[in-house]
Amino acid sequence: MIKLSQIKKSYGRQQVLHGIDLTVGKGDVVAILGPSGSGKTTLLRCINYLERPSDGEITIDGFTVHCKRPTKADIHRLRKQSAMVFQQYNLFRHKTALENVMEGLVVVHKQPKEQARLRSAELLEKVGLGDKLDAYPSQLSGGQQQRVGIARALALGPKVILFDEPTSSLDPELVGEVLSVIRRIAKEGITMIIVTHEMSFAQDVASHVVFMDHGTIVEQGEPNEIFRAPKEERTKQFLKRFAPESAYSI
Amino acid sequence: MGQHQFEIAYVFEYFYRLLPSLKVTLLIVGSSIGLGTIVGLLVALPQLYRIPVLRRLSQLYVSFFRGTPILIQLFLFYYGVPEVLKLVYVDLTRTPALFFVILTYSLHSGAYIAEVIRGAVSAVDRGQVEAAYAVGMNGFQAFSRIVLPQALSISIPVFGNIVIGNLKDTSLAFTLGILDITGKAQTMGTLSQRFIEIYISLAALYFIISFALQKLFDRLEKRLLRHEPAAAKDSLVKISFLRKDVAASKWRRKEAQL
């Protein structure tokens, strides 16, 4: 369904992705873990071309973009296949929660306004914000804003939703509400790729875990394999920091 | 000035007699701001999109119009442009002075408006554009639906200052014989020798229009910034001060740790 092959990215002389290969099946929930600076966010942003890979191929649902010389139309079509939830929410500041969710449906998918409004209200209801339709982002808490962001992504009916550290800029007590929404939509069989630092969440929700370091994939596999019995030394070292947590849960 | 005793009644009389000339002043302001906005957008775009050669040219344009007095620009365009065009056999000697006045003020305010647009567009958070791309918008949709509306509301206060500045600058158009309110006041002064009364009413007239424009832009700003929290609406200045305080205290803390 999604296939990345030999994705490379460098900023000037510094190479941040050294030829990443990754395959994601339909309905998979992939968690990408790794220390900061390992290139995980860059990889995620390459999938919808917010970063331009220097080389490689991206295939989503049978449509392939060759990253050496992509056309504008290629990039545009690739972006329509996915949706993204940002670390800083990035809601449109001058639009209400409802308008934020509607925007893509009306402008990109050319849906009639009434239909888009109904669908958007339904989705906001689903993420628990049925009473905040007319609130502007500045009037919402971080957790609420992020849930609007998730509704906005869902509205587009994408082939895959990309989550870029969706809880990293939230107050600790607001993390739970966002994670529970993500967990709920993961169960509905939507394909997701999540870059996260929430280890227990990744272990719980992901069907596949990828560990990255220094721009390469060090190890990947089932969550149980990676968390209980990592093969690579680097993975062990990284997960050790979270060991006390797992000791309690056992 | 003048041999007459000051009489307040004349202030009111002249104020009334200046009113018909107001339409000339407002015509200059209106058309030069209108054309200036188009010029400003055209000048700002090469800088925003970093188009190689055009970008330099537009920078040159802006620094010329910001770096020379409007009075000199008026003279240059009024006397200079017909001379240059004479070389290519275009006769502008019969073109009314008002044409050159509007041209000069349009190009002049265009330079300032370009700077405002540039500043406001780059003040919009990069994440907004990314989010627009991520929902599948193309470059034009992202600019017109997401960036421009936000840039507009950011730029309104400064834009208001430019319009008011432009209004006051038009008082120099009388040097080319334009009968705007200042030109009219000059003529009436020469005839009646009651300069003090006339200038008082002239100043009052400028003040009233400036004040009305100020109120208008305040209102517009409130409307366009309705999506920002109430505190921010009252004074954006206050917020920038607060941020400085926060930055300063962080810095002091770091220093203390050392």
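From a predicted model like this one, the values you see are computed outputs, not experimental measurements.

### So, the overall build of chain A
And then number 1: A tally of regular secondary structure across chain A gives ten helices and ten strands.
And then number 2: Against the compact-globule benchmark of 18 Å for 250 residues, chain A has a radius of gyration of 18 Å, which places it among compact chains.
And then number 3: Buried positions account for 47% of the 250 residues belonging to chain A.
And then number 4: For chain A, the proportion of contacts with a sequence separation of at least 24, taken over those separated by at least 6, is 62%.

### Side note on the packing of helix α2 (residues 22-48) of chain B against helix α3 (residues 52-67) of chain B
All names here are of chain B.
And then number 1: Their axes nearest at 8 Å, the elements α2 and α3 cross at an angle of 130 degrees. What the angle tells us is that α2 and α3 run oblique. The chirality of how α2 crosses α3 is left-handed. Touching Val-43, Pro-46 and Gln-47 of α2 are Leu-54, Arg-55, Ser-58, Gln-59, Tyr-61 and Val-62, all from α3.

### Observations concerning helix α8 (residues 181-192) of chain B
Residue and element names in this part refer to chain B.
And then number 1: The terminal C-alpha atoms of α8 lie 16 Å apart, and with twelve residues this matches the ideal 16 Å at 1.5 Å per residue to within 8%.
And then number 2: Turning to α8, its buried residues are Ile-181, Thr-182, Gly-183, Lys-184, Ala-185 and Met-188.
And then number 3: The elements touched by buried residues of α8 are α1 (8-18), α2 and α9 (195-224).
And then number 4: Directly beyond the C-terminal end of α8, a positive phi value near 65 degrees is found at Gln-193.

### Some remarks on the UniProt feature "domain: ABC transporter" (unreviewed entry) in chain A
And then number 1: Taking the numbering used here, the UniProt-annotated feature "domain: ABC transporter" (unreviewed entry) corresponds to residues 2-239 of chain A.
And then number 2: Between the C-alpha atoms that bound residues 2-239 of chain A there is a distance of 27 Å. The span itself is 39% helix and 26% strand.

### Quick notes on the UniProt feature "domain: ABC transmembrane type-1" (unreviewed entry) in chain B
And then number 1: According to UniProt, the "domain: ABC transmembrane type-1" (unreviewed entry) feature falls on residues 22-217 of chain B.
And then number 2: Summarising residues 22-217 of chain B: 83% helix, 0% strand, and an end-to-end C-alpha distance of 20 Å.

### Some thoughts on the environment of Ser207(A)
Residues and elements named next belong to chain A.
And then number 1: By the element assignment, Ser-207 lies in the loop between α7 (199-205) and β9 (208-213).
And then number 2: Among the residues examined, Ser-207 registers 15 C-beta atoms within 10 Å and is labelled partly exposed.
And then number 3: Taking the C-alpha atoms as reference points, Ser-207 and Ala-186, 21 residues apart in sequence, are found 9.8 Å from one another.
And then number 4: Setting aside residues up to four positions removed in sequence, Ser-207 forms contacts with Asp-28 and Val-29.

### Considerations on the pairing of strand β7 (residues 160-164) of chain A
All names here are of chain A.
And then number 1: Most of β7 sits out of view: five of its five residues are buried.
And then number 2: Burial along β7 is two-sided: the residues Val-160, Leu-162 and Asp-164 and Ile-161 and Phe-163 are all buried.
And then number 3: Bridge count for strand β6 (residues 82-85) against β7 is four bridges, and the pairing is parallel. Bridge pairing links Ser-82 to Val-160 in β7.
And then number 4: For β7 and strand β8 (residues 192-195), the ladder comprises four bridges, and the chain directions are parallel. Residue pairing in the sheet places Leu-162 in a bridge with Ile-193 of β8.

### Structural notes on the interface of chain B and chain A
And then number 1: In this assembly, 18 residues from chain B lie in contact with 21 residues from chain A.
And then number 2: Put simply, the parts of the chain that give the side of chain B that touches chain A at least two residues each are α6 (126-134) and α7 (139-169) of chain B.
And then number 3: Among the elements that take part in the side of chain B that touches chain A, α6(B) stands out by supplying six residues, more than any other.
And then number 4: Grouping the constituent residues of the side of chain B that touches chain A by class yields eight nonpolar, seven polar and three charged.

### Some thoughts on unusual backbone geometry
And then number 1: For Glu165(A), which is not a glycine, the phi torsion comes out positive at approximately 40 degrees.
And then number 2: With 21 C-beta atoms counted inside 10 Å, the residue Glu165(A) sits in the buried group.
And then number 3: Of note, the phi angle at Tyr89(B) is positive, near 60 degrees, even though the residue is not glycine.
And then number 4: With respect to the element layout, Tyr89(B) can be found in the loop between α4 (70-87) and α5 (97-123).
And then number 5: Take Tyr89(B): there are 6 C-beta atoms within 10 Å of it, and that puts it in the exposed class.

### Looking at the packing of α2(B) against α5(B)
Residue and element names in this part refer to chain B.
And then number 1: The contact between α2 and α5 brings their axes to 5 Å, and the two run at 45 degrees. On the basis of the axis angle, α2 is oblique to α5. For the pair α2 and α5, the sense of crossing is right-handed.
And then number 2: Here the residues of the contact of α2 with α5 are counted per class, giving 17 nonpolar, nine polar and one charged.

### Some points on the sheet that holds β6(A)
Residues and elements named next belong to chain A.
And then number 1: Across the sheet, six strands lie side by side as β6-β7-β8-β3-β9-β10; this open sheet has mixed pairing. Strands at the two margins of the open sheet, each flanked by one partner only, are β6 and β10 (216-221). Sheet twist, expressed as the mean angle between neighbouring strand axes with direction ignored, is 20 degrees.

### Structural notes on the UniProt feature "transmembrane region" (unreviewed entry) in chain B
And then number 1: What UniProt calls "transmembrane region" (unreviewed entry) maps, in this numbering, to residues 24-48, 60-79, 99-121, 142-164 and 198-217 of chain B.
And then number 2: Between the C-alpha atoms that bound residues 198-217 of chain B the distance is 29 Å, and the span itself is 100% helix and 0% strand.

### Let's talk about the sheet that holds strand β4 (residues 55-60) of chain A
Hydrogen bonds between backbone atoms are what pair the strands of a sheet, whose relative direction is either parallel or antiparallel.
All names here are of chain A.
And then number 1: One open sheet holds the four strands; their spatial order is β2-β1-β4-β5, and the pairing between them is antiparallel. At either margin of the open sheet sits one strand with a lone partner, and together these are β2 (14-24) and β5 (63-66). When strand polarity is set aside, the average angle formed by the axes of neighbouring strands in this sheet is 20 degrees.
And then number 2: Across five bridges, strand β1 (residues 2-11) lies against β4 in antiparallel orientation.

### Re the confidence of the model for chain B
And then number 1: Here chain B shows a mean pLDDT of 87. Residues at 70 or above account for 88%.
And then number 2: With pTM at 0.80, the complex prediction returns an ipTM value of 0.92.

What counts as what
Residues numbered from 1 in each chain as written. Chains lettered and ligands numbered in written order. Predicted model: local features only at pLDDT ≥ 70, side-chain atom pairs only at ≥ 80, totals over all residues. Helix = DSSP H or I, 4+ residues; strand = E, 2+ residues; numbered from the N terminus. Rg over C-alpha atoms; globule rule 2.2 N^0.38 Å. Buried ≥ 20, exposed ≤ 12 C-beta atoms within 10 Å, placed from the backbone. Contact = placed C-beta atoms within 7 Å. Axes fitted to C-alpha atoms, helices over the stretch in contact; angles between N-to-C directions. Parallel < 35°, antiparallel > 145°, perpendicular 65-115°, else oblique. Left-handed = near helix turned anticlockwise from the far one by under 90°. Expected span 1.5 Å × (residues − 1). UniProt positions renumbered as here; feature names shortened; annotations may be inferred. Pairing = 2+ DSSP bridges. Nonpolar A, V, L, I, M, F, W, Y, C, P; charged D, E, K, R; others polar. pLDDT = per-residue confidence, 0-100.

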